[in-house]
Amino acid sequence: MPPLDNILILTIIVAAAVLFVTEKLRVDLTALCVLVALLIFQLIKPEQALYGFANTATATVAAMFILSTGLVRTGLVEWLARYLDRFAGKGERRLIIVLCVTVALLSAFIINTATVAILIPIAVILAKTRKIAPSRVLIPLSFASQFGGVCTLIGTSTNILVNSLAVANGLKRFYIFEFAPLGIILVIVGILYLALFSRILIPKRKGVDEQIDKYRLCDYLAEMRVKSGSPLIGKKWGTLKNKDLKNIDLIKIIRGDKATWRASKTTIREDDYLLLHGNANELIRMKDNYQLETKADTVINDQKLQSDKIELIEALVPPRSKLIGQTLSGADYIRRFGCMVLAIQRRGKILRDRLADIDFDDGDTLLLQCDKESVNRIMQSKDLVVTNELTELHLRKDRAVRALTIFISIILLAAFNIVSILVAALIGAVAMVLGRCITLEEAYTAIDWKVIFLLGGILPLGLALQQTGTATWLANTIMQPLIDMGPLVVLASFYIITAALTEMMSNNASAILLVPIALSAAEIMGVSARPFLIAITFAASTSFATPIGYQTNTMIYAPGGYRFSDFARIGVPLNILFCVITVLVAPIIWPF
């Protein structure tokens, strides 16, 4: 029977894992609940409550968000991406290789979610001009961003986190390019795998030319004639306060041969045809209550929702968007642009009912109806990424050169061990602001606070695992049969367990849970913990089997028209391949 502290720790871990997997709470809120539980049960001291927020990993990750944003905001990354068309050739395989090499190179130094957000519309348009299904290029784009992230210490927040935990436990720190030998091998193998097998393993999701069909909106759109005696006659839609109209939108009014797109401000007349959007049952109730007549022979398609002044666009909610956590009714942001949200796609699920009450989440794709001027404004926004059109390129040359100089300088400072990675990152972040590459406000918004609070809340759990002896107890009991088989089996086990946890919950949380156990196992075996830490780092930073295991997978899910199983088909063999390579190569580079 394990001690009470061990039981409490394991109970907290299981509860946190359930919340991570089910997403009943946001990951950062779950992390803070873990922190509170540790304090309540006195598993950490009160003065250790801020251990996670004061950790060097947390500060370094925050600084790297600012550095990456400095390069992105100047237009430098997008400028480089626009030149891909010159090298991509005409065929699918060459396009995949060029996209993968580019995103892997960029993701080695820049937060990969920012890189993928820029490259999604470029990849989609490059694919369409070559008559290639976007589904064939977007999974390789996401996967390659993860390949690149494991090539340097600053490639992902997980790399930085594991390095910080290693140093805190008295181990030698990892150097900025220490991951590169194994990382480059995985990049080459990964790109070859995608180039050779993507045509076989990734279905050709044609994507649906008609957005109406893609979002299955036919049952949510109706064209109705205003009959004589209707209570709507003489009124403007925008002034109606009826409860039964709350969840119905008027898209346009058709009067004779003309369509009025500013429908909410137009006085409704008898015999007008109203194009309405809402739940089928509510539309039927409205028809009965307001003396409307359904136009039976109407064919609802994209053309019904567009004109020479109005467009349908798809827009992705990226990580760190101001829209995350807001409802449509509370987000004036979209309405200010004069847009109407017709549907939301979330991880393959179409949301069309009561859109005003749905909280936006990162990775959501919105089907918007906007006028042409609004489309241009949205394309310049930091809070939405239009996936089916390219923004106008704005390269601020002087600031781009300045940002690139700052970035190269901090890489050199860290590479030659002049200063630690934390000091180099902080110098770079401050220099980006002082050099006017980004404003102070942009620096604050650049930081993914969800990640910061996740680290702040979960890092004390790793501390508690060690202080209470739970990590040693797990290593001595559950891991003992594997320890008896030798370090290579233990190395493979840590990779597989980390990879499996990462597919279900946060990659950083997975690493924090397993690093203390790995350190205890290494101590029991009398071997170096470094190969174990490498396996955990690489497994946590490369998640291929599900669309929810890694943010970049979630981002390309809707634009690619994928199904959940598409990721497993192409991703599971790649996970196995990476596991085998890591287990065989890591002990050669980092001996036991």
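Analysis parameters
Residues numbered from 1 in each chain as written. Predicted model: local features only at pLDDT ≥ 70, side-chain atom pairs only at ≥ 80, totals over all residues. Heavy atoms only, no water. Helix = DSSP H or I, 4+ residues; strand = E, 2+ residues; numbered from the N terminus. Buried < 20%, exposed > 50% of the residue type's maximum accessible area, 1.4 Å probe, protein only. Contact = heavy atoms within 4.5 Å. Areas by Shrake-Rupley, 256 points an atom, 1.4 Å probe, with all protein chains shown as cover. Pairing = 2+ DSSP bridges. Axes fitted to C-alpha atoms, helices over the stretch in contact; angles between N-to-C directions. 1 Å grid on protein atoms, 1.4 Å probe; cavity = no way out; pocket = protein on both sides within 12 Å on 5 of 7 lines; lining within 4 Å. Points joined across faces, edges and corners; volume = space filled by probe spheres on them. Nonpolar A, V, L, I, M, F, W, Y, C, P; charged D, E, K, R; others polar. Polar contact = N/O pair within 3.5 Å; in protein donor to acceptor, adjacent residues only side chain to side chain. pLDDT = per-residue confidence, 0-100. Phe/Tyr/Trp six-rings, centres within 6.5 Å; stacked < 30°, edge-to-face > 60°. Salt bridge = Lys/Arg side-chain N within 4 Å of Asp/Glu carboxyl O.

### With respect to the overall build of the protein
Then, in step 1: Along the protein, the regular secondary structure elements total 26 helices and ten strands.
Then, in step 2: Across the 592 residues in the protein, those meeting the buried criterion constitute 57%.
Then, in step 3: Considering only contacts in the protein between residues 6 or more positions apart, those separated by 24 or more positions represent 79%.
Then, in step 4: As displayed, the protein offers around 24,800 Å² of accessible surface, 60% of which is attributable to carbon and sulfur atoms.

### A short note on the pairing of strand E1 (residues 221-226)
Then, in step 1: Here E1 lies mainly inside the structure; six of its six residues are buried.
Then, in step 2: The alternating pattern of E1 places Leu221, Glu223 and Arg225 on one face and Ala222, Met224 and Val226 on the opposite face, and all of these are buried.
Then, in step 3: Two elements, E1 and strand E5 (residues 292-294), share three bridges in a ladder whose sense is antiparallel. Bridge assignment links methionine 224 to a residue of E5, and that residue is threonine 294.

### Some details on the sheet that holds E5
Neighbouring strands of a sheet are bound in pairs by backbone hydrogen bonds; such pairs are parallel or else antiparallel.
Then, in step 1: Strand order in the open sheet made by the five strands is E3-E2-E4-E1-E5, with antiparallel pairing throughout. Two strands close off the open sheet at either side, each with one partner strand: strand E3 (258-260) and E5. Within this sheet the neighbouring strands show an average axis-to-axis angle of 30 degrees, counted without direction.

### Regarding empty space enclosed by the protein
Then, in step 1: Following the criterion strictly, the structure yields one cavity of 30 Å³ or more and no others.
Then, in step 2: Looking at the largest cavity, its volume works out to about 40 Å³.
Then, in step 3: As for the largest cavity, its lining consists of Ile13, Ala16, Ala17, Phe20, Ile458, Leu461, Met505, Ala509 and Leu513.
Then, in step 4: Those elements that place two or more of their residues in the lining of the largest cavity are helix H1 (4-22), helix H19 (449-467) and helix H23 (507-525).
Then, in step 5: Counting residues per element, the lining of the largest cavity draws most heavily on H1, at four residues.
Then, in step 6: A per-class count over the lining of the largest cavity returns nine nonpolar, no polar and no charged.

### Let's talk about the side chain of glutamate 92
Then, in step 1: Here glutamate 92 lies in helix H7 (residues 92-107).
Then, in step 2: According to the relative accessible area criterion, glutamate 92 is buried, its value standing at 11%.
Then, in step 3: Here arginine 136 takes part through its side chain, which lies 3.1 Å from a polar atom of the side chain of glutamate 92.
Then, in step 4: Beyond its immediate sequence surroundings of up to four residues, glutamate 92 is in contact with Ile132, Arg136, Ser198 and Arg199.

### Details of the confidence of the model for the protein
Then, in step 1: Mean pLDDT over the protein: 84, with 89% of residues reaching 70 or higher.
Then, in step 2: The least confident element of the protein is helix H12 (residues 211-214), whose mean pLDDT is 51; the most confident is helix H24 (residues 530-541), at 95.
Then, in step 3: Scored below 50 in pLDDT, residues 207-212 makes 17 contacts in the model with residues more than four places away or belonging to other chains.

### Here we look at the packing of aromatic side chains
Then, in step 1: For the structure on display, the rule yields 14 aromatic pairs.
Then, in step 2: Where phenylalanine 109 meets phenylalanine 407, the ring centres are 6.5 Å apart and the plane angle is 85 degrees; that geometry is what we call edge-to-face. In this pair, phenylalanine 109 is assigned in the loop between H7 and helix H8 (112-129) and phenylalanine 407 in helix H16 (residues 397-415), connecting sequence segments 298 residues apart.
Then, in step 3: Look at phenylalanine 109 and you get partly exposed, because its relative accessible area is 23%.
Then, in step 4: A connected cluster of aromatic rings, assembled from ring pairs, spans Phe143, Phe147, Phe544 and Phe578.

### Thoughts on the environment of proline 587
Then, in step 1: For proline 587, the location among the structural elements is in helix H26 (residues 564-589).
Then, in step 2: For proline 587, a relative accessible area of 16% translates into the label buried.
Then, in step 3: Linking proline 587 and proline 487, residues 100 residues apart in sequence, is a C-alpha distance of 9.4 Å.
Then, in step 4: Each residue touching proline 587, except ones within four places of it in the same chain, is listed here: Leu488, Leu491, Thr582 and Phe592.

### Some remarks on the pattern of salt bridges
Then, in step 1: Per the stated rule, a full pass over the model turns up eleven salt bridges.
Then, in step 2: The closest approach of N and O atoms between arginine 199 and glutamate 92, which form a salt bridge, is 3.2 Å. With a gap of 107 residues between them, arginine 199 in helix H11 (residues 180-201) and glutamate 92 in helix H7 connect regions that are remote in the sequence.
Then, in step 3: Judged by its relative accessible area of 47%, arginine 199 is partly exposed.
Then, in step 4: Three or more residues are tied together by salt bridges with common partners; here these are Glu92, Arg136 and Arg199.

### Overview of the pairing of strand E4 (residues 273-277)
Looking down a regular strand, the side chains alternate between one sheet face and the other.
Then, in step 1: Counting buried residues in E4 gives four out of five residues, a clear majority hidden from the surface.
Then, in step 2: Note that E1 and E4 share five bridges and pair antiparallel. Of the residues in E4, the one forming a bridge with alanine 222 is leucine 276.
Then, in step 3: In terms of strand pairing, strand E2 (residues 249-255) meets E4 through five bridges, oriented antiparallel. Within E4, the position partnered with isoleucine 254 by the bridge is tyrosine 273.

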